[in-house]
Amino acid sequence: MDELDALRRMRTTLAREENPDRLALRTNWRSAPAPRPRARRRLAVPLMGVVAAGTVAAGSVAVLSGHSDPRPPGRSVPLRTGGDGNVLLTAATSAEKAAQTGAYWHTRRIDGTIYGVGKTRADHYMVESRQQYDSWVGRDGRETRNYTDLPARPWTAQDAAKWRKAGSPMTVDVPSGDPGVVGTLFLNPKSPVGAPHPRPVKGQVRRFYGMTSAQIAELPTEPKALEKRLLALRGNWHAYSSTAVTERLGALRGEERVRALSDVAGDLLADAPTPPKVRAAAFRMLATLPGVRAGGTAADPLGRTGTVISLPLETTVPLGIYTAPKQLGTYRRQWIIDPGTGTLLAVRDLVATPPHGSRRLPPGDDGRPRTLRVQDMPDRFHRPGEVSSYTVYAVTEWTNAKPGTPTPR
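So, here's what we can say about the structure. (Residues numbered from 1 in each chain as written. Predicted model: local features only at pLDDT ≥ 70, side-chain atom pairs only at ≥ 80, totals over all residues. Heavy atoms only, no water.)

## Topic: the packing of aromatic side chains
Each aromatic ring pair is specified by the distance between its two centres and by the angle formed by the two planes. In the structure shown here, the tally under the stated rule is four aromatic pairs. Relative to W398, the ring of W105 has its centre 5.6 Å away and its plane inclined at 55°; by these criteria the two rings are tilted. Linking W105 in strand β3 (residues 104-117) with W398 in strand β17 (residues 387-399), this pair joins segments that are 293 residues apart in sequence. Neither W105 nor W398 differs from the other in exposure class; each is buried. With centroids separated by 5.9 Å and ring planes inclined at 15°, the aromatic side chains of Y209 and W237 adopt a geometry described as stacked. Taken together, the residues span a long stretch of sequence, with Y209 in the loop between β8 (201-205) and α5 (213-217) and W237 in the loop between β9 (234-235) and β10 (247-248) at a distance of 28 residues. Relative accessible area serves as the criterion here: at 18%, Y209 is assigned to the buried category. Exposure remark for W237: the relative accessible area of 4% places this residue in the buried category. R109 extends its terminal NZ or CZ atom over the ring of Y133, reaching a point 4.3 Å from the ring centre. Over the ring of W398 we find R139; its NZ or CZ atom is 4.0 Å from the centre of that ring. (Phe/Tyr/Trp six-rings, centres within 6.5 Å; stacked < 30°, edge-to-face > 60°. Helix = DSSP H or I, 4+ residues; strand = E, 2+ residues; numbered from the N terminus. Buried < 20%, exposed > 50% of the residue type's maximum accessible area, 1.4 Å probe, protein only. Lys NZ or Arg CZ within 6 Å of the ring centre and 35° of its normal.)

Below, the structure is given as structure tokens:
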């Protein structure tokens, strides 16, 4: 049993099993010594680069330019069952035509989280923390992975002005989402993107929700059959859970099932070396799920424009070792897709209900009771419609370039 497996079993508050690379990032969060009584624990949190405005993704979401989602809730357009009006079916047709040549499936994913810096709503400003993950999966299913901290940066031009007014600090304190733990973000606009802390991992067999590359290649290419196969997957699927329960995805009902199916479909469309026909089936499956809506266009963090797909979810933050069950607000998930290429560009979570109140948590590693409060939440100053976190898929391609070969940005 490796370190990641051990960590997964240490805590019973897992809402769902995280991807190994996301989990690897979280394992460093507890490296500091235990705090003295009544002292704040400090947590070093890498901030995503102040350099490329679109290359980041955090917890689970992708970002619009600016703070707010310009479309008010309820303005989404229901997906039609066929024709040009259904962007998911258009994306499916495009995905089916994609080539599948090359020795490696290469993805570059950037996760971003938007933190509030400051003590009050009146004087706060937002900063963006980003981590980049490069993955090369060979035809044998073995993966070479590289993780890079990107410098943090102010979230918008307005936030940058407030940051400069505060003296342009190179480090800022932010709530970590863990009671009593303060995060430190590092802002260094002059650092080259991708330079700090490469951590290569080679030779491991990559699994996607428990499936190997070979098993993904054999998935059904008809949407209903694909859905039936995915419903048989086992995992910890609940968004909020005080105990780890492994069950079939098909045991979920309603919006919980839609959330879980969309999570798996997102991996098939962006992370996994999924054959074109299976990728097309995933888009067509999503088009049949209740409550999935198309809602205009938006730019992802890299400036690429796509169609917004909204999912009918009460909360969509992917929870893991140090996050479940911690959220005090609710969130709505949106995808940004390019129907013309059949590509999932980004995923973002927007604040629906800002954090409020408090919640008792299971005991921590020291056995003491814990309570989560609003001041612990990174998005405590967010307003409805503002981006809380995002994931942007900068590269998703088959390539013959060897793992580690620089990719044009």
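## Notes on the nonpolar core
Membership of the largest hydrophobic core comes to 47 residues, with the highest contact counts inside it found for L230, W335 and I337. Elements supplying a minimum of two residues to this core: α3 (87-96), α6 (223-231), α7 (254-271), α8 (276-288), β13 (330-338), β14 (343-353) and β17. If we ignore the near neighbours within four places in the chain, the residues touching I337 are V87, L88, A91, F283, G306, T307, I309, T343, L344 and L345. I110, M126, W155 and L350 belong to the second-largest nonpolar core, a separate cluster that totals eleven residues. (Core = buried A, V, L, I, M, F, W, Y, C linked by side-chain atoms within 4.5 Å. Contact = heavy atoms within 4.5 Å.)

## Details of unusual backbone geometry
With phi around 50°, S168 is a residue other than glycine that occupies positive phi space. Along the chain, S168 turns up in the loop between α4 (157-165) and β6 (171-175).

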